[in-house]
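Here is what each chain is made of, one letter per residue.
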Amino acid sequence: MAGGSVFHRVSTNALGSKTNEAMFQLIRANDVELADMTIENANIGIFINNRDPGNTDRILLNRLIIRNGGSIGIQASYSSSNIFERVVVRNQLGRGIELDNCGGISLLSSVIWSNGSDAIAARKSTLNITNTQLHVYGPVTNAILDLFDSLTRSDYNNYRVEGSASYALINDEPIGGLPQYIERRTQDVHSISVDPLFADPA
């Protein structure tokens, strides 16, 4: 699905509206591309779930903007071999991206910026991150990368931390700076931490 559309969630049922739904749900989906769209005001922008053993998703999210929503921009569970490329997730109330039991997820040339919680949270997952702008602000419990029993391969990124937030939480242990994170994980040896001076990230 593509074409520059804007999907804006508006609830008209004040007494019984659902607040936990995703704008797009890909359940046991394979070989799907979502491209050239803006998703606004959804509690979860995109939800991907695939519990079939041995089933590979191969979902491509390309040139998407997910903004001004609720708990999570992109949420994936039991999913594998997906590519998120040139994706902007900003101003969600919660996390930018959340992964649970996912394998071979690639985040490429993207911007995860000014969300209310972690930029990326991964539990029992593997993730590749390259050429991406990652930002977090707030308390120490917020992190650019919140990793629990997860592995990352990452380099050539820009990590921007504001307030007392952490560069990373590794199995709930905060890592306070990029050099400490590089030493701990032996990743991101060419990554930087500067203000990219966006006029507007989206």
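Cut-offs applied
- Residues numbered from 1 in each chain as written.
- Predicted model: local features only at pLDDT ≥ 70, side-chain atom pairs only at ≥ 80, totals over all residues.
- Heavy atoms only, no water.
- Helix = DSSP H or I, 4+ residues; strand = E, 2+ residues; numbered from the N terminus.
- Buried < 20%, exposed > 50% of the residue type's maximum accessible area, 1.4 Å probe, protein only.
- Contact = heavy atoms within 4.5 Å.
- Areas by Shrake-Rupley, 256 points an atom, 1.4 Å probe, with all protein chains shown as cover.
- Salt bridge = Lys/Arg side-chain N within 4 Å of Asp/Glu carboxyl O.
- pLDDT = per-residue confidence, 0-100.
- Arc of directions from axis to C-beta.
- Phe/Tyr/Trp six-rings, centres within 6.5 Å; stacked < 30°, edge-to-face > 60°.
- Pairing = 2+ DSSP bridges.
- Axes fitted to C-alpha atoms, helices over the stretch in contact; angles between N-to-C directions.

1. Some thoughts on the overall build of the protein chain
For step 1, the next point in the chain: Along its length, the protein chain carries one helix and 18 strands.
For step 2, the next point in the chain: Here the protein chain, with 202 residues, has 50% of them falling under the buried criterion.
For step 3, the next point in the chain: Counted over contacts in the protein chain with a minimum sequence separation of 6, partners at least 24 positions apart contribute 54%.
For step 4, the next point in the chain: When the accessible surface of the protein chain is split by element, carbon and sulfur atoms take 50% of a total near 9,300 Å².

2. A few points about the pattern of salt bridges
For step 1, the next point in the chain: This model, assessed by the stated rule, comprises nine salt bridges.
For step 2, the next point in the chain: Between Arg 63 and Asp 36 there is a salt bridge, with its nearest N and O atoms 2.7 Å apart. Of this pair, Arg 63 sits in strand β5 (residues 59–67) while Asp 36 is found in strand β3 (residues 32–40), placing the two residues 27 residues apart along the sequence.
For step 3, the next point in the chain: On the accessibility criterion, Arg 63 (32% relative accessible area) is partly exposed.
For step 4, the next point in the chain: With a closest N to O distance of 2.7 Å, Arg 95 and Glu 98 form a salt bridge.
For step 5, the next point in the chain: In the salt-bridge network here, residues are joined through shared partners; they are Arg 95, Glu 98, Asp 118 and Asp 146.

3. Overview of the confidence of the model for the protein chain
For step 1, the next point in the chain: Within the protein chain, residue pLDDT values average 88, and 89% of them lie at 70 or more.
For step 2, the next point in the chain: A low-confidence stretch, residues 11–17 stays under pLDDT 50, and its non-local contacts, those more than four residues away or across chains, total two contacts.

4. Overview of helix α1 (residues 178–185)
For step 1, the next point in the chain: For α1, the complete set of buried residues consists of Leu 178, Tyr 181 and Arg 185. When α1 is viewed along its axis, its buried side chains cluster within an angular range of 60° and face the same direction. Residues of α1 that are exposed and angled more than 90 degrees away from the buried face: Pro 179 and Glu 183.
For step 2, the next point in the chain: Next to the buried residues of α1 lie β14 (143–148), β15 (151–155), β16 (158–161), β17 (166–170) and β18 (173–175).
For step 3, the next point in the chain: Positive phi appears at Thr 186, one or two residues downstream of α1, with a value of about 50°.

5. Here's the deal with the environment of Asn 158
For step 1, the next point in the chain: With respect to the element layout, Asn 158 can be found in strand β16.
For step 2, the next point in the chain: Placed 37 residues apart in sequence, Asn 158 and Asp 195 show a C-alpha to C-alpha distance of 8.6 Å.
For step 3, the next point in the chain: Apart from residues no more than four positions distant in its own chain, Asn 158 is found in contact with Thr 132, Gln 133, Leu 134, Ile 192, Ser 193, Val 194 and Pro 196.

6. Focus on the packing of aromatic side chains
Aromatic ring pairs are reported here in terms of the distance separating the ring centres and the angle at which the planes meet.
For step 1, the next point in the chain: Enumeration over the complete set of coordinates arrives at one aromatic pair.
For step 2, the next point in the chain: Residues Tyr 159 and Tyr 181 carry aromatic rings whose centres are separated by 6.2 Å and whose planes lie at 55° to one another, so their mutual orientation is tilted. Placement of Tyr 159 in strand β16 and of Tyr 181 in helix α1 is noted, with a sequence separation of 22 residues between them. As far as the burial class goes, Tyr 159 and Tyr 181 line up, both buried.

7. What about the sheet that holds strand β11 (residues 120–123)?
For step 1, the next point in the chain: Pairing within the open sheet is mixed, and its eight strands lie in the order β2-β4-β6-β8-β11-β14-β17-β18. Of all the strands in the sheet, the pair left with one neighbour each is β2 (22–27) and β18. Neighbour-to-neighbour, the strand axes of the sheet open up by a mean angle of 10°, direction not taken into account.

8. Some points on unusual backbone geometry
For step 1, the next point in the chain: Of note, Ser 109 is a non-glycine position whose phi angle comes to about 50°, a positive value.
For step 2, the next point in the chain: Tracing the chain through its elements places Ser 109 in the loop between β9 (105–108) and β10 (111–113).
For step 3, the next point in the chain: Even without a glycine there, the phi angle at Asp 172 is positive, about 75°.

9. A closer look at the side chain of Thr 38
For step 1, the next point in the chain: Tracing the chain through its elements places Thr 38 in strand β3.
For step 2, the next point in the chain: Judged by its relative accessible area of 11%, Thr 38 falls in the buried class.
For step 3, the next point in the chain: Contact partners of Thr 38, with chain neighbours within four places excluded, come to Ser 5, Val 6, Phe 7, Ile 65 and Arg 67.

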